[in-house]
Amino acid sequence: MQRWRGLEAVPNGWGRSVVTVGVFDGVHRGHQQLIGHAVRRGRERGLPAVVVTFDPHPAEVVRPGSHPARLTGLTRRADLVAELGVDAFCVLPFTAELSRTPPAEFAHEVLVERLHAADVVVGRNFTFGHRAQGDVAMLTALGERFGFGVEGLDLISDDGVTFSSTYIRSCIDAGDVEAATAALGRPHRVEGVVVHGDRRGRELGFPTANVSTPPFTALPADGVYAGWFAIAATGVGAPGAGGAGERRLPAAISVGTNPTFSGRERTVEAYVLDVDEDFYGFEVAVDFSHRLRGQERFDDVDALVTQMHKDVARTRELLGG
């Protein structure tokens, strides 16, 4: 899959293509349906499928300080999109200038002049252009004017719940990682670099990897979770990024401030089961599969250690480790 940042990165002579446009944060089941449809349409027409996305999130530019929690970083988003068979992943830097672009100008400059869209596939709730003035009806009219077809797909839902990035963020914020998994089609993943912590876990017999996450990362509600700790198979680079695969190891994961020790900074710490390795400096990922309990403050260290043993035993039971 080709990866472009900015329209100027689109190769000269790029021909007709099938395009889908959106933020696609999370690449959840609804996004997968949309992107998969664009890929199939491209195959039917013998044309490449292009995903157009934005960075940073448009909300941060339009309403500074309102950046929603990020479900997937750009690299992860691109990797997930590539798995769906997309031919090119185009990131448009979202600027104040772009936010003021009228819908017709956006359609002409992006879809017609640079990507030569033959078909455009979007969700029925798609909006674009200055103040989100453009919708599927306007895009359809512009397609008739500029020579491309438009398909607006219904959003996928299950048991009356429509899958959206907003819905998934609310599940994660509540600690309901099982519901997030159902909507994403995979466990919610948090990525970061393992950094030195206070080493208290090792002193208690549970050495943990302290994962420093990027700003705006969508962290589950404070508590303890069962999940997976993933590192690149080579030990270099981000998991899943480079084609070398990844090691996925069962882990008990703590999110919170360590109230028993009067902690204040929110951290993600993973106790990797049955592995005693030095992960400092590694780029890693943590997948949240099940919520074990909420964050608690224990009266003494012995009570905390007793509960940690129970958490690990429950993690083994849930993950089959």
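So, here is what we can say about the structure in this document. (Residues numbered from 1 in each chain as written. Predicted model: local features only at pLDDT ≥ 70, side-chain atom pairs only at ≥ 80, totals over all residues. Heavy atoms only, no water.)

**Observations regarding the overall build of the protein chain**
Cut-off, in case you're wondering: Counting from the N terminus, the helices are the DSSP runs of H or I reaching at least four residues and the strands are the DSSP runs of E reaching at least two. Type-normalised accessible area, obtained with a 1.4 Å probe on protein chains alone, sets the label of each residue: buried when under 20%, exposed when over 50%, and partly exposed for intermediate values. The criterion used for residue contact is that any of the two residues' heavy atoms lie within 4.5 Å. Computed with the Shrake-Rupley method and a 1.4 Å probe, the accessible areas treat only the protein chains shown as cover for residues. Counting rule applied: Lys, Arg positive; Asp, Glu negative; His and chain ends not counted. Every charge is mapped onto a representative atom, which is NZ of Lys, CZ of Arg, CG of Asp or CD of Glu.
Scanning the protein chain from N- to C-terminus turns up 10 helices and 14 strands. Out of the 321 residues belonging to the protein chain, those deemed buried represent 47%. A fraction of 73% describes how many contacts in the protein chain between residues 6 or more apart in sequence connect residues 24 or more apart. Summed over its atoms, the accessible surface of the protein chain is roughly 14900 Å², and 48% of this surface lies on carbon and sulfur atoms. Taking the 33 positively charged and 41 negatively charged side chains of the protein chain as two groups, their mean positions are separated by 2 Å.

**Topic: unusual backbone geometry**
Leave glycine aside and you will find that most residues have negative phi; peptide bonds, for their part, are mostly trans. For the peptide bond that leads from Asp 55 to Pro 56, omega is 0°, which places it in the cis range. Summarising the element assignment, Pro 56 is placed in the loop between β3 (49–55) and α2 (58–62). Even without being glycine, Phe 24 reaches a positive phi, approximately 55°. You can see Phe 24 is positioned in the loop between β2 (17–21) and α1 (29–45). Judged by its relative accessible area of 4%, Phe 24 falls in the buried class. Even without being a glycine, Asp 274 presents a positive backbone phi close to 60°. Looking at Asp 274, the relative accessible area reads 62%, which means it is exposed.

**Brief notes about a negative patch on the surface**
Using the following cut-off: To count toward a patch, a residue needs a relative accessible area over 30% and no salt bridge; like charges are then connected within 9 Å, while nonpolar side chains (Val, Leu, Ile, Met, Phe, Trp, Tyr) are connected within 5 Å. Salt bridges are counted wherever a side-chain nitrogen of Lys or Arg sits within 4 Å of a carboxyl oxygen of Asp or Glu.
Together, Glu 97, Glu 105, Glu 109 and Glu 113 line one region of the surface with negative charge. Top element by residues in the negative patch is helix α5 (residues 103–114). It accounts for 3 residues. Looking at the element boundaries, Glu 109 is found in helix α5.

**Looking at the sheet that holds strand β5 (residues 117–123)**
Applied cut-off: The pairing criterion is simple: DSSP has to find at least two bridges between the two strands. Only C-alpha atoms enter the line fits that serve as axes; for helices the fit covers just the stretch in contact. Angles between N-to-C directions range over 0 to 180 degrees.
Taken in spatial order, the 6 strands of this open sheet run β1-β4-β3-β2-β5-β6, and their pairing is parallel. Among the strands making up the open sheet, the edge pair consists of β1 (2–5) and β6 (149–153). With direction set aside, neighbouring strand axes in the sheet form an average angle of 20°. In this sheet, β3 lies alongside β2 in parallel orientation, the contact comprising 4 bridges.

**Concerning the environment of His 188**
To keep things clear, this is the line we draw: Nitrogen and oxygen atoms within 3.5 Å of one another constitute a polar contact, given that in protein one can donate a hydrogen and the other can accept it, and given that sequence-neighbouring residues count only through two side-chain atoms.
Here His 188 shows up in strand β9 (residues 188–195). Judged by its relative accessible area of 2%, His 188 falls in the buried class. Measuring from C-alpha to C-alpha, the distance between His 188 and Arg 63 comes to 26 Å, with 125 residues separating the pair along the chain. Aside from chain neighbours lying at most four places away, what touches His 188 is Leu 71, Ile 172, Thr 181, Ala 218, Val 286, Asp 287 and Phe 288. Among the polar contacts made by the side chain of His 188, one reaches the main-chain carbonyl oxygen of Ala 218 at a distance of 2.8 Å.

**Examining the packing of aromatic side chains**
The geometry of an aromatic ring pair comes down to the distance between the two centres and the angle between the two planes. For clarity, the threshold we go by: Aromatic pairing here means that ring centres of Phe, Tyr or Trp (its six-membered ring) are within 6.5 Å. Orientation follows from the plane angle: under 30 degrees is stacked, over 60 is edge-to-face, and everything else is tilted.
Applying the stated criterion across every chain yields a total of 9 aromatic pairs. On the basis of an interplanar angle of 15° and a centroid distance of 5.4 Å, the ring pair of Phe 126 and Phe 128 is categorised as stacked. For the pair Phe 126 and Phe 128, one class covers both residues: buried. Seen from their ring centres, Phe 163 and Tyr 167 are 6.4 Å apart, and the 40° between their planes marks the pair as tilted. Three or more aromatic residues joined by ring pairs form one cluster here, namely Phe 54, Phe 94, Phe 106, Phe 126 and Phe 128.

**Examining helix α7 (residues 165–173)**
The condition that has to hold: For this quantity, the arc is that covered by the directions from the helix axis to the C-beta atoms.
Burial in α7 covers these residues: Ser 165, Ile 168, Arg 169, Cys 171 and Ile 172. All buried residues of α7 project into a common sector of 160° when viewed along the axis, lining one side. Across from the buried face of α7, at angles greater than 90 degrees, the exposed residues are Thr 166 and Asp 173. Packed against the buried residues of α7 are α1, α8 (177–184) and β9. After α7 finishes, the residue Gly 175 shows a positive phi value of roughly 85°.

**So, the nonpolar core**
To keep it simple, the criterion reads: Here, the term nonpolar core denotes a set of buried Ala, Val, Leu, Ile, Met, Phe, Trp, Tyr and Cys residues that are joined through side-chain atoms within 4.5 Å.
Val 50, Leu 92 and Leu 111 are the most contacted members of the largest nonpolar core, which totals 29 residues. Within the residue set of this core, elements represented by two or more residues are β2, β3, β4 (88–93), α5, β5 and α6 (136–146). Among residues more than four places away in sequence, those in contact with Leu 111 are Val 19, Val 21, Phe 106, His 116, Ala 117, Val 120, Leu 139 and Phe 148. In terms of nonpolar packing, the next biggest core, distinct from the first, is built from 21 residues, Val 190, Ala 209, Val 255 and Val 286 among them.

**Concerning the pairing of β6**
Test applied: A crossover gets the label right-handed when its path from the first strand over the helix to the second runs clockwise, viewed with the strands pointing away from the viewer.
Across 5 bridges, β5 lies against β6 in parallel orientation. Its bridge partner being in β6, Asp 119 is matched across the sheet by Gly 149. Note that the unit made of β5, α6 and β6 has a crossover that is right-handed.

**Looking at the pairing of strand β14 (residues 283–294)**
As paired elements, β9 and β14 share 6 bridges and run antiparallel to each other. In the strand pairing of β14, His 188 is matched with Phe 288. Sheet topology places strand β11 (residues 223–232) next to β14; 9 bridges connect them, and they run antiparallel. Directly across from Gly 227, in β14, lies its bridge partner Phe 288.

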